[in-house]
Amino acid sequence: IDLVNEKVILFFGYVRKYKGLNYLIEAMPEILKKVKIRLLIVGEFYEDQSVTRDRIRELELEKNISIVSDYVPNEKVKYFFCASDCVVLPYIDATQSGITQIAYYYDKPVIATDVGGLAEVVKNNETGFIIEPKNSKAVAEAVVKFYGEDLEGRFSANAKEEKKKFTWEEFTSKISEMVTKE
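As the structure is a prediction and not an experimental result, all values here were calculated from the model.

Novice: Outline the pattern of salt bridges, supporting the account with residue identities and numerical values.
Specialist: In a structure, side chains of opposite charge can pair up when their charged atoms sit close to one another. The final tally for this structure, using the stated rule, is 7 salt bridges. Taking the shortest distance from any N to any O, the salt bridge between Arg38 and Glu6 comes out at 3.1 Å. Highlighted residues: Arg38 in strand 2 (residues 37-42) and Glu6 in the segment before strand 1 (7-12), separated in sequence by 32 residues. Comparing Arg38 with Glu6, the two get one shared label, buried. The partner of Arg57 in a salt bridge is Asp54, and the shortest N-O contact between them spans 2.5 Å. Within this pair, Arg57 and its partner Asp54 are both found in helix 2 (residues 49-58), separated by 3 residues, close to a single helical turn. You can call Asp54 partly exposed: its relative accessible area is 33%. Within this structure, Glu26, Arg55 and Glu58 form a network of salt bridges that share partners.

If you want it as structure tokens, here you go:
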């Protein structure tokens, strides 16, 4: 990956059907019409990864999608997040995702679907975008808007502020407030 000249979006974590990776892959041809980009898929596949690889080949996206289909130990996570401009979570279903907090830790914006509690953590138009689930067109539009309006700097700065809400200090402060109120 050419980190200087390439735009990179990241899909990170276990690859399972409910995470909607197929919608992101299906969005890539539309994205590539407007933005030269690389999708980095990093994580263990829980289903047969040949289905994903075959679809990438069918869409002729081999040059635009890189796959690291292994477990990533904690000490190597930083390399993937630091190499990316934003993280995309096209989930079909979820309650929450720890990937959002990891992205914020590295000051990365997040494009996520409106499922579970993701919209409570990703602030739409501030730290990223919240989009409709099961919609490749919505994924493509969000990624194109992110780059077309040059939102990385603003969203990253907001993510840097937002992550402060998830520190141990903030957590203990909130618990202390609750205890003193009673």
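Back to the write-up after that little detour.
Novice: So what's going on with the packing of aromatic side chains? Residues and values would help.
Specialist: A complete count under the given rule lists 8 aromatic pairs for this structure. Ring plane angle 75° and centroid distance 6.2 Å describe the contact between Tyr18 and Tyr91, whose orientation is recorded as edge-to-face. Pair noted here: Tyr18 is in the loop between strand 1 and helix 1 (21-32) and Tyr91 is in the loop between strand 4 (86-89) and helix 4 (98-105), with a separation of 73 residues, a long-range link. Between the aromatic rings of Tyr105 and Tyr106, the centroid separation amounts to 4.9 Å while the plane-to-plane angle is 85°, which identifies the pairing as edge-to-face. Classification of Tyr105 by relative accessible area gives exposed; the value is 57%. You can call Tyr106 partly exposed: its relative accessible area is 22%. The rings of Phe12, Phe81, Tyr105 and Tyr106 are connected pair by pair, giving a single aromatic cluster. When the ring centre of Tyr46 is taken as reference, the NZ or CZ atom of Arg16 above it lies at 4.1 Å. In this structure, Lys163 packs its charged tip against the face of Tyr105, placed 5.7 Å from the ring centre.

Novice: Account for the pairing of strand 4, naming residues and giving values.
Specialist: In regular strands, side chains alternate between the two faces of the sheet. Across the two faces of strand 4 the burial is the same, with Cys86 and Val88 and Val87 and Leu89 all buried. Of the pairings in the sheet, the one linking strand 1 to strand 4 comprises 2 bridges and is parallel in character. Residue pairing for strand 4: Leu10 is matched across the bridge by Val87. Sheet topology places strand 4 next to strand 5 (residues 110-113); 3 bridges connect them, and they run parallel. Paired with Leu89 across the strands is Ala112, a residue of strand 5. Handedness of the crossover joining strand 4 and strand 5 through helix 4: right-handed.

Novice: Hey, could you go over the sheet that holds strand 4 for me, with residue numbers and the actual values?
Specialist: Within a sheet, adjacent strands bond to each other through the backbone by hydrogen bonds, running parallel or antiparallel. Across the sheet, 6 strands lie side by side as 3-2-1-4-5-6; this open sheet has parallel pairing. Looking along the sheet, the strands with just one partner apiece sit at the ends: strand 3 (65-68) and strand 6 (128-131). Adjacent strand axes in the sheet meet at a mean angle of 20°, parallel and antiparallel pairs treated alike. As paired elements, strand 5 and strand 6 share 4 bridges and run parallel to each other. Bridge pairing links Ala112 to Ile130 in strand 6.

What counts as what
Residues numbered from 1 in each chain as written. Predicted model: local features only at pLDDT ≥ 70, side-chain atom pairs only at ≥ 80, totals over all residues. Heavy atoms only, no water. Salt bridge = Lys/Arg side-chain N within 4 Å of Asp/Glu carboxyl O. Helix = DSSP H or I, 4+ residues; strand = E, 2+ residues; numbered from the N terminus. Buried < 20%, exposed > 50% of the residue type's maximum accessible area, 1.4 Å probe, protein only. Phe/Tyr/Trp six-rings, centres within 6.5 Å; stacked < 30°, edge-to-face > 60°. Lys NZ or Arg CZ within 6 Å of the ring centre and 35° of its normal. Pairing = 2+ DSSP bridges. Right-handed = clockwise from strand over helix to strand, strands pointing away. Axes fitted to C-alpha atoms, helices over the stretch in contact; angles between N-to-C directions.

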